[in-house]
Structures are given as structure tokens and as C-alpha cells.
Amino acid sequence: MRIFVCVKQVPDTSGKVAVNENGTLDRASMATIVNPDDMNAVEAALQLKDANKDARVTVVTMGPPPAKSMLQELIAMGADDGILISGREFGGSDTYATSQIIAGALQHAGIGKDDIIFCGRQAIDGDTAQVGPQIAEKLNLPQVTYEGEIKVENDKLVVNRLLEDGYFVVEAQRPCLVTCVKELNEPRYMTVRGIIDCFDKPIEVYDYETLKDEPLIDPDTIGLKGSPTNIFKSFTPPQKGQVEMIEGSAKEAAGSLAAKLAKKHVI
């Protein structure tokens, strides 16, 4: 059983958010993290690997060459290998084009009859929750979204699909795709041995030349040219109001804050 986990490197929104003059995000100047929901997907895959000795976990991402370091971090957590999809021809892809490219890459890697594809529910930079389901559609695979618990039973998966007020149980035939929510688990840390070994684990790079003969890789439906979604404008919201930092110990700061609020008749 091979478990593919699709992950994305996203801007760290707790830090600086930079926008180019044309309204697009200046990703090169921003710190990046692994998309949080994708970390839960990685943990779900690793737990299945722990329970099934024949399982192999492959982390997959599309991005620039520096995204390789993210794959190495996930290998240090316990994944076996990685696939980096990287090429100028893929740049500017929206969710439609991105799912087309990732689906083509997974097809190229080979999806067996017992395999599973995990994705995070959605990415924090777009919040569309579209890429996972679109990959499943383009690969003609069954899909289950919002996974809250998962079990492997023979040739199928049994998944608790989370809803706002409960869950219902879904069975899916393998191979299939599952999207994971943050409530599913608590991602593990990298291990010292994993960090040492991750540099020796294989990471394949799929560029356009590697994938161009795959049926799903059509120059007219990938990259900026093949993306039906166009971003009109992105911008950093203007700062509102002023911030005053209160120095001192917790007790001193609390007293000073209470005095200021009383002066303004807030308390």
C-alpha cells in the first residue's frame, strides 16, 4: 500500500504579508510553513503506516525548488520519500490547473489498486478546499472529504466524515482520495534520527519535460495561461488605530491597563 500525501508550502500569515505592485502575493519575500491541514494529512498517513508494515508514505508538492526542504522535514517526521513537481510552465496555476498537474504527477508515479491519496481540507492562502476533490475527479477516483477518523478494512476504507453537528460513516473502495481536517489528530514532531536520515531519502523532481507526455498535462490547461481564475487584486489592509505596549510585570501591566480603561470609562 502506497500512501500519497499532497502538501503545500504556504505563506506564514503570522508574519509579514507582502504584495507585488500588480496585486499578486510576493511569496519570495515571505516566510513559509507547511499548510496546517496538510500536516494533519501527513500524520494520518503516518499512523496508517505504523499500523500497516507494508505501507509506504510519499509526500508530494508542487512549488519552486526550495520546497524540497519542506519535503525533507516531512520525511524527517516519518515519510519514506517525496516528489517535487517544479517547473516554470506550472507557475501561476489556479486550483483547476494545480489539480490537473498534481493528478498528472500522481498518474506518472503510478497509483496501485490498494493506494490512498491524502490531502488537507484546504490551504490557508486560498481557503478554497478545491484541489483535493478536483484531483480525485481528474483521476476518476472515489473521494471522501472532511475525514475525522479512518480505518483500513481489506480493500476499502471506512471513514467518519465530520459534519457541524456530528458525523456519518462512509465506505470507499481503494484506490481513493481523502481530505483531512485539523480535528483529526495532533501532528508528530521530527525525530533526531529522522533529521539525520532525511537527506539520504529519495526526492524525485518532476518538471515539465518529465510530465509532458501524461494525458492530463495539456499546455492549454496548466500554468497561468490555463487558469480560468484571475485574481483582480491583493492588498495589505491599512492599519487601523494605534497600539500602545504596556511594560512591566504581569501585575504591573494589569494594574496599568485597568487604570487606562477606567479613565476611558470602559470599566
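It should be emphasised that the depicted structure is a prediction, and the values quoted were computed from it without experimental measurement.

## Some details on the overall build of the chain
- When helices and strands are tallied, the chain shows seven helices and 11 strands.
- On the principal axes, the C-alpha backbone points of the chain span a range of 70 × 45 × 40 Å.
- For the chain, with 267 residues in total, the buried portion stands at 42%.
- Excluding contacts between residues fewer than 6 apart, the proportion of contacts in the chain whose partners are at least 24 apart in sequence is 71%.
- Accessible surface computed for the chain: about 15,200 Å², of which carbon and sulfur atoms make up 52%.
- For the chain, the separation between the mean place of its 28 positive charges and that of its 39 negative charges on side chains is 5 Å.

## Here's the deal with the sheet that holds strand S8 (residues 156-163)
- Across the sheet, which stays open at both edges, the nine strands sit in the order S9-S8-S7-S10-S6-S1-S4-S5-S11 with mixed pairing between neighbours. Each edge of the open sheet is held by one strand with a lone partner, namely strand S9 (166-173) and strand S11 (203-206). In this sheet, adjacent strand axes meet at a mean angle of 30° when their direction is disregarded.
- Sheet topology places strand S1 (residues 2-6) next to strand S4 (residues 56-62); five bridges connect them, and they run parallel. Each bridged residue has a counterpart across the sheet, and for Arg 2 the counterpart in S4 is Arg 56.
- Along the sheet face, helix H2 (residues 68-77) touches S4, strand S5 (81-85) and S11 and points at about 160° away from the line of S4.
- Along the sheet face, helix H4 (residues 131-139) touches S1, strand S6 (116-120), strand S7 (143-153) and strand S10 (176-180) and points at about 175° away from the line of S10.

## Examining a nonpolar patch on the surface
- Where nonpolar side chains cluster on the molecular surface, the patch consists of Tyr 146, Leu 162, Tyr 167 and Val 169 and spans about 370 Å² of accessible area.
- For Tyr 146, the location among the structural elements is in strand S7.

What counts and what doesn't
Residues numbered from 1 in each chain as written. Predicted model: local features only at pLDDT ≥ 70, side-chain atom pairs only at ≥ 80, totals over all residues. Heavy atoms only, no water. Helix = DSSP H or I, 4+ residues; strand = E, 2+ residues; numbered from the N terminus. Buried < 20%, exposed > 50% of the residue type's maximum accessible area, 1.4 Å probe, protein only. Contact = heavy atoms within 4.5 Å. Areas by Shrake-Rupley, 256 points an atom, 1.4 Å probe, with all protein chains shown as cover. Lys, Arg positive; Asp, Glu negative; His and termini not counted. Charge placed at Lys NZ, Arg CZ, Asp CG, Glu CD. Pairing = 2+ DSSP bridges. Axes fitted to C-alpha atoms, helices over the stretch in contact; angles between N-to-C directions. Patch = residues over 30% accessible without salt bridge, like charges linked within 9 Å, V, L, I, M, F, W, Y side chains within 5 Å. Salt bridge = Lys/Arg side-chain N within 4 Å of Asp/Glu carboxyl O.

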